[in-house]
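# Survey of secondary and tertiary structure
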Amino acid sequence: MADELYSNAVLRLAADIPRIGRLERPQASVRKVSRLCGSEVEIDIVMRGDRVADLALRVKACALGQASASVLARQVVGASLKELEVARDSLLAMLKQGKPAPRDRFGELAVLEGARAYPARHQSVMLAFEAVTEAARQAATAQTPTSLTG
């Protein structure tokens, strides 16, 4: 199991997660916890329009969850909410349905294909993408001007 799941590529990503920390003034912050394994991801985000302008994260997870968070952190600035949702959905389809790995910006997630055969690991792999899509949605909503009528 260890060789299939914890390849050198996965371990390299897990050991080098950029954007660790907190943002001084996030527009949204989201914390996700896996009840199955106890993995945690916290995301602070700033959006400009529908694109990620800045992100910081804290990760307490297995190497698979850390590798997933690392790919996210490396590629997230400039991503649109739609791109984040597509990546999240593609990652889930890769794990649950054997579909291809996400492409383009988040294509490096293909290193996690070995986790398919281990459903107990899926939630940890998904946490960062679930947290970032929720945070991006909250931040986008927060910056939408409200109109007063009446």
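Refer to the preceding data block for the structure.
These numbers were taken from a predicted model, which means no experiment stands behind them.

### Quick notes on the pairing of strand E1 (residues 28-33)
Across 6 bridges, the pairing between E1 and strand E2 (residues 40-48) is antiparallel. The residue bridging Ala-28 from the neighbouring strand is Ile-45, located in E2. Between E1 and the antiparallel strand that follows it, E2, lie 6 residues; Gly-38 among them carries a positive phi value of about 85 degrees.

### Quick notes on the packing of helix H2 (residues 8-15) against helix H3 (residues 63-75)
Relative orientation of the contacting elements H2 and H3 amounts to 65 degrees, with a least axis distance of 7 Å. If you check the angle between H2 and H3, you find them roughly perpendicular. In this structure, the crossing between H2 and H3 has a hand that is left-handed. Residue-level inspection shows Val-10, Leu-11, Leu-13 and Ala-14 of H2 in contact with H3, the latter providing Ala-63, Leu-64, Gln-66, Ala-67, Ser-70, Val-71 and Arg-74.

### Focus on the sheet that holds E1
Across the sheet, 3 strands lie side by side as E1-E2-E3; this open sheet has antiparallel pairing. Only two strands of the sheet have a single partner each, and these edge strands are E1 and strand E3 (51-60). Between one strand axis and the next, the sheet turns by 20 degrees as a mean value, whatever way the strands run.

### Structural notes on the pattern of salt bridges
Applying the stated criterion to the full structure yields 13 salt bridges. Here Asp-16 makes a salt bridge to Arg-74, at a shortest N to O gap of 3.4 Å. Of this pair, Asp-16 sits in the loop between H2 and E1 while Arg-74 sits in helix H3, and the two are 58 residues apart along the sequence. With its nearest N and O atoms 2.8 Å apart, the salt bridge here joins Arg-22 to Asp-44.

### Some points on unusual backbone geometry
Here the phi dihedral of Arg-19 falls at roughly 65 degrees; this positive angle occurs in a residue that is not glycine. Structurally, Arg-19 is set in the loop between H2 and E1. A positive phi angle is found at Asp-104, which is not glycine, with a value near 55 degrees. When you line up the elements, Asp-104 lands in the loop between helix H4 (81-97) and helix H5 (119-143).

### As for the nonpolar core
Counting residues in each nonpolar core, the largest one holds 44 residues, and the members touching the most others are Ile-43, Ile-45, Leu-72, Leu-84 and Phe-106. Those residues in contact with Leu-72 that sit more than four places away from it in its chain are Ile-43, Leu-84, Phe-106, Ala-128, Phe-129 and Val-132.

Definitions and limits used
In this convention, every chain numbers its residues from 1, walking through the sequence in written order. Local features in a predicted model are, by the rule used here, given only for residues with pLDDT of at least 70; side-chain atom pairs are given and counted only at 80 or more, and totals for whole chains, interfaces and linings are based on all residues. Computation of side-chain values covers all heavy atoms of the structure but excludes hydrogens and water. Pairing between strands is defined by DSSP: at least two bridges between the two strands are required. Secondary structure is summarised from DSSP: a helix means a run of H or I of at least four residues, a strand means a run of E of at least two, and numbering begins at the N terminus for each. Inter-axis angles, ranging from 0 to 180 degrees, are taken between N-to-C directions of lines fitted to C-alpha atoms, where helices are fitted over the stretch in contact. We call two directions roughly parallel when the angle between them is under 35 degrees, roughly antiparallel when it is over 145, roughly perpendicular when it lies between 65 and 115, and oblique otherwise. The crossing is said to be left-handed when, going from far helix to near helix, the turn is anticlockwise and less than a right angle, and right-handed when the turn is clockwise. Note on contacts: a residue pair qualifies if any of its non-hydrogen atoms lie within 4.5 Å across the two residues. Only one rule defines a salt bridge in this text: a Lys or Arg side-chain nitrogen within 4 Å of an Asp or Glu carboxyl oxygen. By nonpolar core is meant a set of buried Ala, Val, Leu, Ile, Met, Phe, Trp, Tyr and Cys residues that side-chain atoms within 4.5 Å join together. Exposed residues in this analysis have more than 50% of their type's maximum accessible area, buried residues have under 20%, and partly exposed residues fall in between, with area computed by a 1.4 Å probe over protein chains only.

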